[in-house]
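Chains, contacts and geometry: an overview
Single-letter residue listing:
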Amino acid sequence: MIKNAMKVVLGLSIASLSVLGLSGCSVSVEGEDYQSIAPTFNIEQFFDGNVKAWGIVQNRSGEVVQRFVVDIDGSVNGNTLTLDETFDYGVGEGPASRTWKIVKQSDNTYVGRAGDIDGPAKGTSYGNAFNFHYEMDLPVDDTTYSVTFDDWFWAFDDSTMMNRSYIRKFGIVMAEVTIFMQKQP
């Protein structure tokens, strides 16, 4: 009887630690928390013109597996924002370029598409924050992983912005991207 009780307690302890461990791997940002924070982030205004970005990708252990600089040439035509991105890697490898077409919808949400993104990216503005959510087949070494990006942008002012992306597989954050962006004259 005592052995069975010990097994139950041990089993419950392991299950509790597993749940705590998995919850530590998730990040949840609530857009509504930024609705009334200034300055308001306007994606069309920020990216209309030239933007320079500096970023890193960290794996689950915190190791920097990519370090890059991105030159972004943005233009607005009607309700469509086009972003032509050119990447230069100091650490790791990745795409040399990417072109986004981001269309503002009548309900003030956004739909974005790029050649290496699976399906549409869905975007929502929240005061000084903007969230993009999309899926991507991400090549890593000799394997490709189907992952989900939870991509958050926060305005500092009219010309400076910070971006955090949480890359998830099976709902667990596998890597994080941090990017600092600044409009260029």
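Preceding this paragraph is the structure being described.
Residues numbered from 1 in each chain as written. Predicted model: local features only at pLDDT ≥ 70, side-chain atom pairs only at ≥ 80, totals over all residues. Heavy atoms only, no water.

Each helix and strand in the protein was counted, giving two helices and ten strands. Here the protein holds 185 residues, and 33% of them are scored as buried. Here the protein displays about 10900 Å² of accessible surface, and carbon together with sulfur accounts for 55% of that area. (Helix = DSSP H or I, 4+ residues; strand = E, 2+ residues; numbered from the N terminus. Buried < 20%, exposed > 50% of the residue type's maximum accessible area, 1.4 Å probe, protein only. Areas by Shrake-Rupley, 256 points an atom, 1.4 Å probe, with all protein chains shown as cover.)

Enumeration over the complete set of coordinates arrives at 19 aromatic pairs. Judged by centre distance (6.3 Å) and plane angle (10°), the rings of Phe-41 and Phe-153 are stacked. Here Phe-41, found in the loop between helix 1 (2-23) and helix 2 (43-47), pairs with Phe-153, found in strand 8 (residues 143-157); they are 112 residues apart in sequence, far enough to count as distant. In terms of burial, Phe-41 and Phe-153 fall into one category: buried. Taking the centre distance of 6.0 Å and the plane angle of 15° together, the rings of Phe-87 and Tyr-89 count as stacked. A connected cluster of aromatic rings, assembled from ring pairs, spans Phe-41, Phe-46, Phe-47, Trp-100, Tyr-110, Phe-130, Phe-132, Tyr-134, Phe-149 and Phe-153. Here Lys-183 stacks its cationic end above the ring of Phe-46, 5.9 Å away from the centre of that ring. (Phe/Tyr/Trp six-rings, centres within 6.5 Å; stacked < 30°, edge-to-face > 60°. Lys NZ or Arg CZ within 6 Å of the ring centre and 35° of its normal.)

As for its placement among the helices and strands, Ile-72 is situated in strand 2 (residues 64-77). Take Ile-72: its relative accessible area is 3%, and that puts it in the buried class. Taking C-alpha positions, Ile-72 is 9.6 Å from Asp-48, a pair spaced 24 residues apart along the chain. Those residues in contact with Ile-72 that sit more than four places away from it in its chain are Phe-47, Gly-49, Asn-50, Val-51, Ala-53, Leu-83, Asp-84, Glu-85 and Met-181. (Contact = heavy atoms within 4.5 Å.)

So, about unusual backbone geometry. Note that the residue after Ala-38, namely Pro-39, is joined by a cis bond; omega there is 0°. Of note in the backbone geometry, Asn-108 takes a positive phi value of approximately 70° without being a glycine. Mapped onto the fold, Asn-108 is located in the loop between strand 4 (97-104) and strand 5 (110-114). The class for Asn-108 is partly exposed, based on a relative accessible area of 48%. Backbone geometry at Asp-141 places phi at a positive 55°, although glycine is not the residue there. The topology assignment puts Asp-141 in the loop between strand 7 (129-140) and strand 8. With relative accessibility at 77%, the residue Asp-141 sits in the exposed group.

Under the definition given, this model contains five salt bridges. The residue Arg-98 makes a salt bridge to Asp-116 at a minimum N-O spacing of 2.7 Å. Placement of the pair is Arg-98 in strand 4 and Asp-116 in the loop between strand 5 and strand 6 (117-126), with a sequence separation of 18 residues. Given the relative accessible area of 27%, Asp-116 is considered partly exposed. What emerges from the salt-bridge pattern is a single network uniting Glu-85, Arg-98 and Asp-116. (Salt bridge = Lys/Arg side-chain N within 4 Å of Asp/Glu carboxyl O.)

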